[in-house]
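# Working through the structure, step by step
Spelled out, the chains give:
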Amino acid sequence: YEVASFYTMFNRTKVGKYFIQLCGTTPCMICGSEDISKTIQNHLGIKNGETTKDGLFTLLEVECLGACANAPMIQLNDDYYECLTPKTTIELLEACKAGKTPAMGKWGSLPMNGQVSCEGPLGKTSLFEEPVPPKVKEGRFNGEVDPSSVKEHMSY
């Protein structure tokens, strides 16, 4: 019971065809997740933890989903939908009702504002070329590492 109730990937009750996990952690909250939550609740007529009468949607607020750079966001089944606004959230819900979820991009779901990955409105502003890795001291690794010297071998 403890494992099933701790991890959000284990559902102890049936969820809808579209399982909406809304990130409510601080970065998403600061960027508007509460507005997204209200939009979903008002549009679908459900509250957190509930499923629509037709069984299509279940809403659950969860802790960080790791897409803070593109907050606010939801995980819809296995896919992320990021940079949401109330308008794009309703568009997404309506697309799901029609059985037409947005297409995935090269790296999975795309932010709902049209940007690519987590680039800002100015595009890439750093890492224009591949970084040069640090030089490794010749003979540093001879195949034997004394546990007491691990930090030395890891350049701490």
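The rules behind these values
Residues numbered from 1 in each chain as written. Predicted model: local features only at pLDDT ≥ 70, side-chain atom pairs only at ≥ 80, totals over all residues. Heavy atoms only, no water. Helix = DSSP H or I, 4+ residues; strand = E, 2+ residues; numbered from the N terminus. Buried < 20%, exposed > 50% of the residue type's maximum accessible area, 1.4 Å probe, protein only. Contact = heavy atoms within 4.5 Å. Pairing = 2+ DSSP bridges. Axes fitted to C-alpha atoms, helices over the stretch in contact; angles between N-to-C directions. Salt bridge = Lys/Arg side-chain N within 4 Å of Asp/Glu carboxyl O. Expected span 1.5 Å × (residues − 1). Arc of directions from axis to C-beta. Core = buried A, V, L, I, M, F, W, Y, C linked by side-chain atoms within 4.5 Å. Patch = residues over 30% accessible without salt bridge, like charges linked within 9 Å, V, L, I, M, F, W, Y side chains within 5 Å. Areas by Shrake-Rupley, 256 points an atom, 1.4 Å probe, with all protein chains shown as cover. Lys, Arg positive; Asp, Glu negative; His and termini not counted. Charge placed at Lys NZ, Arg CZ, Asp CG, Glu CD. Disulfide = S-S within 2.5 Å.

Across its full length, the chain carries five helices and four strands. The order of helices and strands in the chain, counted from the N terminus, is α-β-α-α-β-β-β-α-α. Expressed as a percentage of the 156 residues in the chain, the buried residues total 31%. Contacts in the chain between residues far apart in sequence, at least 24 positions, make up 59% of those at least 6 positions apart.

If you trace the four strands from one edge of the open sheet to the other, you get β2-β1-β3-β4, paired in mixed fashion. The open sheet is flanked by β2 (57–62) and β4 (79–81), the only strands paired with a single partner. Between one strand and the next, the sheet's axes are offset by a mean angle of 25°, whatever the strand orientation. Against the sheet, helix α3 (residues 33–44) contacts β1 (18–23), β2 and β3 (74–76), and its axis sits at roughly 150° relative to β1.

Turning our eyes to something else, we now look at the pattern of salt bridges. Across all of its chains, the model carries two salt bridges by this definition. When the shortest N-O distance is used, the salt bridge between Lys 87 and Glu 91 registers 2.7 Å. Highlighted residues: Lys 87 and Glu 91, both in helix α4 (residues 86–97), separated by four residues, approximately one helical turn. You can call Lys 87 exposed: its relative accessible area is 59%.

Before going further, it helps to examine α4. If you check α4, its first and last C-alpha atoms are 17 Å apart, about what twelve residues at 1.5 Å a residue would give, namely 16 Å. Taken as a whole, α4 has its buried residues at Thr 88, Thr 89, Leu 92, Leu 93, Ala 95 and Cys 96. Buried residues in α4, looked at end-on, bunch into an arc of 160°, giving them a common side. The inward-facing, buried residues of α4 contact β1, α3, β2, β3 and β4.

A few words on the nonpolar core. Core analysis: the largest hydrophobic core is formed by 16 residues, its most contacted members being Ile 20, Ile 40, Leu 44, Phe 57, Ile 74 and Leu 76. Counting only elements with at least two residues in this core, the list comes to β1, α3, β2, β3 and α4. The contact partners of Ile 20, leaving out residues within four places of it in the chain, are Ile 40, Leu 44, Phe 57, Thr 58, Leu 59, Leu 60, Ile 74, Gln 75, Leu 76 and Leu 93. If you look at the next biggest cluster of nonpolar residues, it comprises seven residues, including Cys 23, Val 62, Ala 67 and Ala 71.

Inspection of the secondary structure puts Lys 38 in helix α3. Taking relative accessible area as the criterion, Lys 38 reaches 53% and is therefore assigned exposed. Considering only alpha carbons, one finds Lys 38 and Asn 48, ten residues apart in sequence, at a separation of 9.9 Å.

Together, Glu 34, Asp 35, Glu 61 and Glu 63 line one region of the surface with negative charge. Secondary-structure assignment places Glu 61 in strand β2. Looking at Glu 61, the relative accessible area reads 42%, which means it is partly exposed.

Turning our attention to the state of the cysteines. Counted under the stated rule, the structure contains zero disulfides. Cys 23 carries a free sulfur, and the closest cysteine sulfur to it, the one in Cys 28, is 3.5 Å from it.

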